[in-house]
Amino acid sequence: MMYDLIRYNLVPPLFLVFFTGITQWLVAAGNPARQFLFSNLLDPGSFFSWTVVSIFLLWSFLSLKVPAKTFLGPSTPTGYVPAYSANGVQYYLISLAAYLVLVMAMPSLPLAIWHQFGQIISSLNIFSLVLCIFLLIKGHTYPEVPEGAKTAPLPYQFYAGIELHPRLAGVDIKQWTNCRAGMMGWAILVINFAIASIQLNGFKLGPIVNAFLINIYLLKFFHWETGYFNTLDITLDRAGYYLCWGCLTWVQVFYTFSAYFLVAHPTKVSNPGAFAILVFGLLSVILNYMADYQKEKFKASGGECSIWGRKAKSIPVEYKTHQGKTKKSKLLISGFWGLSRHMNYVFELMLALSWSLPAIGYGVFPFFYFVFLVILLVHRTFRDDEKCLAKYGEGWKEYCKQVPCRMLPLLF
């Protein structure tokens, strides 16, 4: 079929070439002093970039080797239960402290990272692609469990991955790439670029607001890291180019773009304006937390709780486990979860907009991440619907009747 030909044979190599290549264009787009050349795509990196990348990746890997509480993720269809290290907040705080100590010892470090960001992305690209090749070979030769997706064409196997939960030296690779390297790299880089902006342009509140809001969001992520192991990224998506390269390289160059952009483009927002943006961003964080808290409160109480001063309402549903057993559950339709099926996504978009606003006045470039997140989350609502319909059946259809909007109440 034409659809299968496009999805499994054409899209993977096209995405590989486009997204891998555009990383260097983004580095040039955020810094007028850099010119994008196709030869940049073949840049092997520098001694400095490989030192930075190697130290950080080793640090993030070792964070999963130190003694810590173990969290068991959901079982796979074959009964495999992945184990994760539950020390996310400690890792986040110690990593930030270690970075700040480095900056105090080497004040030139923030600007050095900014000046050699292209080489750092080259090093990340090379490492990530080699890792994806390793994961492809591992999935065929010695997988953790025999449940890998090996029937698709080879380009798709490389792109989408084979194994759900590959491990290396006892470490879950997806927890390493997605959480410990991907999210922590994002957190440190935006702080680095905020410091570099102050060193280059003088003190302005805008870059600080950008870095602060992003780090509030990421602190929340690490606090909730064990909850992340129940999401589609972990339970459905496999370890390949899409996830592992995406977190190791794409997140570092694209998700940090607004902070990187503000180094070469001093914020045009006044300090009072930046403070207003901070308030808007913090409101978004609070609303996002309240939405998550409502769902957690509902789960913890078995549905016997009050939300917004009223007894929580729900839709009873049934589903079958991988072992064929029928279980009962409830889907919350009160509070934010009665307004739309993914009101939390709206608050995430508000937050992403807030940390992009300090770069307002420079066109659409600083808002790339916000636009990307809109597309990503809208697409994810359809993926969520597809997965939940398959899991809950008629119960999900009834839930969608009660809560007809996917994200925006009355609109979508």
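Residues numbered from 1 in each chain as written. Predicted model: local features only at pLDDT ≥ 70, side-chain atom pairs only at ≥ 80, totals over all residues. Heavy atoms only, no water.

A. Structural detail: helix H16 (residues 368-392). Relative to the 36 Å expected for 25 residues at 1.5 Å per residue, H16 spans 36 Å between its end C-alpha atoms, a close match to the ideal helical length. Every buried residue of H16 is listed here: Phe-368, Tyr-369, Leu-373, Leu-377, Arg-380, Thr-381, Arg-383, Asp-384, Asp-385, Cys-388 and Tyr-392. Following H16 by one or two positions, Gly-393 adopts a phi angle in the positive range, close to 60°. (Helix = DSSP H or I, 4+ residues; strand = E, 2+ residues; numbered from the N terminus. Expected span 1.5 Å × (residues − 1). Buried < 20%, exposed > 50% of the residue type's maximum accessible area, 1.4 Å probe, protein only.)

B. Highlighting empty space enclosed by the protein. Summed over all chains, the structure comprises 1 cavity of 30 Å³ or more. Estimates place the volume of the largest cavity at around 40 Å³. Around the largest cavity, the lining residues are Tyr-217, Lys-220, Val-285, Asn-288 and Leu-351. Sorting the residues of the lining of the largest cavity by element identifies helix H8 (205-223) and helix H13 (271-300) as the ones contributing at least two each. Its residues placed into classes, the lining of the largest cavity shows 3 nonpolar, 1 polar and 1 charged. (1 Å grid on protein atoms, 1.4 Å probe; cavity = no way out; pocket = protein on both sides within 12 Å on 5 of 7 lines; lining within 4 Å. Points joined across faces, edges and corners; volume = space filled by probe spheres on them. Nonpolar A, V, L, I, M, F, W, Y, C, P; charged D, E, K, R; others polar.)

C. The arrangement of the packing of aromatic side chains in detail. The final tally for this structure, using the stated rule, is 50 aromatic pairs. When the ring of Phe-117 is compared with that of Phe-193, the centres are 5.2 Å apart and the planes differ by 85°; the resulting orientation is edge-to-face. Pair noted here: Phe-117 is in helix H5 (residues 117-141) and Phe-193 is in helix H7 (residues 173-201), with a separation of 76 residues, a long-range link. Measuring from centroid to centroid gives 4.6 Å for Trp-250 and Phe-254, while their planes differ by 10°, and the two rings are stacked. Placement of the pair is Trp-250 and Phe-254 together in helix H11 (residues 241-255), with a separation of 4 residues, close to one helical turn. The buried category is assigned to Trp-250, whose relative accessible area is 8%. By relative accessible area, which is 6% here, Phe-254 ends up buried. In this structure, Lys-295 packs its charged tip against the face of Trp-337, placed 3.8 Å from the ring centre. (Phe/Tyr/Trp six-rings, centres within 6.5 Å; stacked < 30°, edge-to-face > 60°. Lys NZ or Arg CZ within 6 Å of the ring centre and 35° of its normal.)

D. Geometry of a nonpolar patch on the surface. Residues Met-2, Leu-5, Ile-6, Leu-10, Leu-14 and Phe-15 make up a contiguous nonpolar surface patch of roughly 570 Å² in combined accessible area. Tracing the backbone shows Phe-15 in helix H1 (residues 2-29). Of the residues examined, Phe-15 reaches a relative accessible area of 33% and is grouped as partly exposed. (Patch = residues over 30% accessible without salt bridge, like charges linked within 9 Å, V, L, I, M, F, W, Y side chains within 5 Å. Areas by Shrake-Rupley, 256 points an atom, 1.4 Å probe, with all protein chains shown as cover. Salt bridge = Lys/Arg side-chain N within 4 Å of Asp/Glu carboxyl O.)

E. Spatial organisation of the side chain of Gln-252. Among the secondary structure elements, Gln-252 is positioned in helix H11. Contacts of Gln-252, omitting those with residues within four sequence positions, involve Phe-117, Ile-121, Leu-124, Ala-181, Gly-182, Gly-185, Trp-186, Leu-189 and Cys-247. (Contact = heavy atoms within 4.5 Å.)

F. Just the pattern of salt bridges, in detail. Scanning the entire structure with this criterion turns up 11 salt bridges. Residue Arg-383 is joined to Asp-237 by a salt bridge in which the shortest nitrogen-to-oxygen separation is 2.9 Å. Highlighted residues: Arg-383 in helix H16 and Asp-237 in the loop between helix H10 (232-235) and H11, separated in sequence by 146 residues. By the burial criterion, Arg-383 is buried, and Asp-237 matches it. Each member of the salt-bridge network shares a partner with another, and the members are Lys-138, Glu-144 and Glu-163.

G. Spotlight on the packing of H8 against H13. Axis separation between H8 and H13 bottoms out at 9 Å; the angle between their running directions is 10°. Considered as vectors, H8 and H13 are oriented roughly parallel to each other. Here Leu-205, Gly-206, Val-209, Phe-212, Leu-213, Ile-216 and Lys-220 of H8 come into contact with H13, specifically with Asn-271, Ala-274, Phe-275, Ile-277, Leu-278, Gly-281, Leu-282, Val-285, Asn-288, Tyr-289 and Asp-292. Per-class residue counts for the contact of H8 with H13 are 12 nonpolar, 4 polar and 2 charged. (Axes fitted to C-alpha atoms, helices over the stretch in contact; angles between N-to-C directions. Parallel < 35°, antiparallel > 145°, perpendicular 65-115°, else oblique.)

H. Structural context of the environment of Phe-71. Structurally, the position occupied by Phe-71 is in strand E1 (residues 70-72). On the basis of relative accessibility, which here comes to 24%, the residue Phe-71 falls in the partly exposed class. Those residues in contact with Phe-71, other than ones at most four positions away along the chain, are Pro-82, Ala-83, Tyr-84, Ala-86, Thr-226, Phe-229 and Asn-230.

I. Expanded view of H8. Helix length check: H8 (19 residues) gives 26 Å between terminal C-alpha atoms against 27 Å at 1.5 Å per residue, within 8%. Tucked into the core, H8 has its buried residues touching helix H3 (88-105), H7, helix H9 (225-228), helix H12 (257-264), H13 and helix H15 (343-356).

J. Up close: the packing of H3 against H8. Contact geometry for H3 and H8: axes closest at 7 Å, N-to-C directions at 145°. Seen along the crossing, H3 lies across H8 with a hand that is right-handed. Seen from H3, the contacting residues are Gly-88, Val-89, Tyr-91, Tyr-92 and Leu-96; seen from H8, they are Asn-215, Leu-219, Phe-222 and His-223. Of the residues in the contact of H3 with H8, the class split is 6 nonpolar, 3 polar and no charged. (Left-handed = near helix turned anticlockwise from the far one by under 90°.)

K. Layout of the environment of Leu-353. Of note, Leu-353 is situated in helix H15. Owing to a relative accessible area of 25%, Leu-353 belongs among the partly exposed residues under this scheme. A sequence separation of 20 residues divides Leu-353 from Leu-373, and the C-alpha atoms of the two residues are 9.8 Å apart. If near-sequence neighbours (up to four positions away) are discounted, Leu-353 is found in contact with Phe-280, Phe-367 and Phe-370.

L. Local environment of the side chain of Arg-341. Secondary-structure assignment places Arg-341 in the loop between helix H14 (336-339) and H15. Here Arg-341 falls in the buried class, since its relative accessible area comes to 6%. Setting aside residues no more than four positions away along its own chain, Arg-341 makes contact with Asp-385, Trp-396, Tyr-399, Cys-400, Val-403, Pro-404, Cys-405 and Arg-406.

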